[in-house]
Amino acid sequence: MAVMGGIIGGGIFRTPAVVAERTGTLELVLLAWALGGTVALAGAFCYAELAERRPLAGGSYIYLRDAFGPLPAFLYGWAELLVIQSGGTAAVALTFASYAGALGGLPRGAELPIAIAAIVLLAGVNYVGVHTAAITGNVATVLKLGAIALLIAVCLSLPAPSAEAGDTMAARVHMPSAPAVVLLGAALVPVLFTYGGWQQTNMIAEEIVDAPRTLPRALLLGVTGVIVVYLLANMGYARALGVRGLATSTAPAADAMRAALGLPGEKLIAAGIAVSTFGFLNLNLLVTPRLVQTMAADGMFFAPLARLHRRYRTPTPAIMVFAGWAIVLMLSGTFAQLVDYTVFGDWIFFGLTGAALFRLRRREGLTRSDGAPLVFRVPGYPVVPAFFVVAAALVLLGIIGTGPGNAAKGAVILTIGLLVYPYWRWRRLRSHP
């Protein structure tokens, strides 16, 4: 539930239109989503073995630190806290507020207070314990999967669209002569963005029962389930709208349900999107403070953030700081741009985390950090992790090619992290001589 909830946010309700616009045929649409799922599954294999090797809170921070040292680990935590997860939380909260407000008939001015209230409420839920947060996340995940299942069932039950409605060439208007490989490359960036999030569950490894066995299973089952859901959802969109209609839609889920069931269908899917974003928001507030707490305990961030609540054993100061910073970004109105800037940094750390597996395998062999033999090992090693690292590199090249300005600004954020790192390194050496 946590893995699927971390992947399925609001993306599957929006990005299929972008993918259809960039590919132009149903065959290429489904191939793009299948390829993206293959990359996500390769990443899940890597993270599953890393999770068994290091079943500790912090996820990639721990893997990067132990494989390459404190600098890449610090830069990862810096980018996640400063922008990637905090900005993403602000964006998701506003998305939730827009749908919740519309369903409740509230004016648009109510969106900001609703978004802030959602963050405060879920920060409180996570404050009182991971069990309560897990129940909240599981309920939200069941409801969001129910909404997607309804969308798929309704759309696939419709008669096939007419040839005119399914005009597959219309979506190629911007690049009519591009070969299929170029179209797929352009489509994979939004596809991989929509598949992102499988790695978040690793951040709460210390609070998962029998994490060395449970977490690898959760990653593989969760990612495989999402691949199936995403392929069926895109088939449903194409069935209801045709590829032309999908490519020109600004809200494909709402348009598809309206085509099938009218206004009640649109309301149903709007409620599903609200629940989906609420669950995704809960997971962000569950996992990211564990990263902040791990950094602080490692001497690489403010020491008070390492404290755990005496009764609930939750990283209370880290939860409060993370929630507060997300609200600050929301009020600043700049979080959307910040998220764009750091997609570049996100895929740098995906690739580095995949590469960390090679380093740890060479150093430790097929044993865990406690000396026990590994139960889960990446199948097809070294091909599968190499494929994931190469895919991350290609995504970075695609981001640089399509948005060099955003890539440059993402590099600036990482450069600022490089400038402040010596201070935290000095603090760490003082506290951990």
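Each remark here, short or long, concerns the structure printed above.
Computed from a predicted model, the values in this text were never measured in an experiment. (Residues numbered from 1 in each chain as written. Predicted model: local features only at pLDDT ≥ 70, side-chain atom pairs only at ≥ 80, totals over all residues. Heavy atoms only, no water.)

**Q** An account of the overall build of the protein chain is needed here, citing residue identities and associated values.
**A** Tallying secondary structure elements over the protein chain gives 15 helices and zero strands in all. Its C-alpha atoms give the protein chain a radius of gyration of 21 Å, near enough to 22 Å, the size a compact globule of 433 residues would have. Counting only C-alpha atoms, the protein chain reaches 70 × 50 × 40 Å along its principal axes. The buried share of the protein chain, taken over its 433 residues, is 54%. The contacts in the protein chain between residues at least 6 apart in sequence include a share of 82% that link residues at least 24 apart. Element-wise, carbon and sulfur atoms account for 69% of the exposed surface of the protein chain, whose accessible area totals about 17,400 Å². In the protein chain, 30 side chains carry a positive charge and 19 a negative one; their mean positions are 8 Å apart. (Helix = DSSP H or I, 4+ residues; strand = E, 2+ residues; numbered from the N terminus. Rg over C-alpha atoms; globule rule 2.2 N^0.38 Å. Buried < 20%, exposed > 50% of the residue type's maximum accessible area, 1.4 Å probe, protein only. Contact = heavy atoms within 4.5 Å. Areas by Shrake-Rupley, 256 points an atom, 1.4 Å probe, with all protein chains shown as cover. Lys, Arg positive; Asp, Glu negative; His and termini not counted. Charge placed at Lys NZ, Arg CZ, Asp CG, Glu CD.)

**Q** Which residues make up helix 10 (residues 252-261), and what values do they have?
**A** Since one α-helical turn is 3.6 residues long, residues separated by three or four positions face the same way. Buried residues of helix 10: Pro 252, Ala 253, Ala 254, Ala 256 and Met 257, and no others. Next to the buried residues of helix 10 lie helix 2 (15-23), helix 7 (130-156), helix 9 (211-248) and helix 11 (263-297). Count one or two residues on from helix 10 and you reach Gly 262, which has phi positive near 80 degrees.

**Q** Explain the environment of His 131 to me, using residue names and the numbers behind them.
**A** With respect to the helices, strands and loops of the structure, His 131 is situated in helix 7. Sequence spacing of His 131 and Ala 271 is 140 residues, and the spatial spacing of their C-alpha atoms is 25 Å.

**Q** Describe in detail the packing of helix 11 against helix 12 (residues 316-332), supporting the description with residues and values.
**A** Where helix 11 meets helix 12, the closest approach of the two axes is 8 Å, and the angle between their N-to-C directions is 115 degrees. Crossing of helix 11 against helix 12: the hand is right-handed. Contact residues: Asn 284, Leu 285, Thr 288, Pro 289, Arg 290, Val 292 and Gln 293 in helix 11; Ala 318, Ile 319, Phe 322 and Ala 323 in helix 12. (Axes fitted to C-alpha atoms, helices over the stretch in contact; angles between N-to-C directions. Left-handed = near helix turned anticlockwise from the far one by under 90°.)

**Q** Help me get a handle on helix 4 (residues 60-68), residues and values and all.
**A** Counted residue by residue, helix 4 has seven buried out of nine residues, so it is predominantly covered. By the burial criterion, the buried members of helix 4 are Ser 60, Tyr 61, Ile 62, Tyr 63, Leu 64, Asp 66 and Ala 67. Looking one or two places after helix 4, you find Gly 69, whose phi comes out positive at around 105 degrees.

Functional significance is not addressed by these values, which are geometric in nature.
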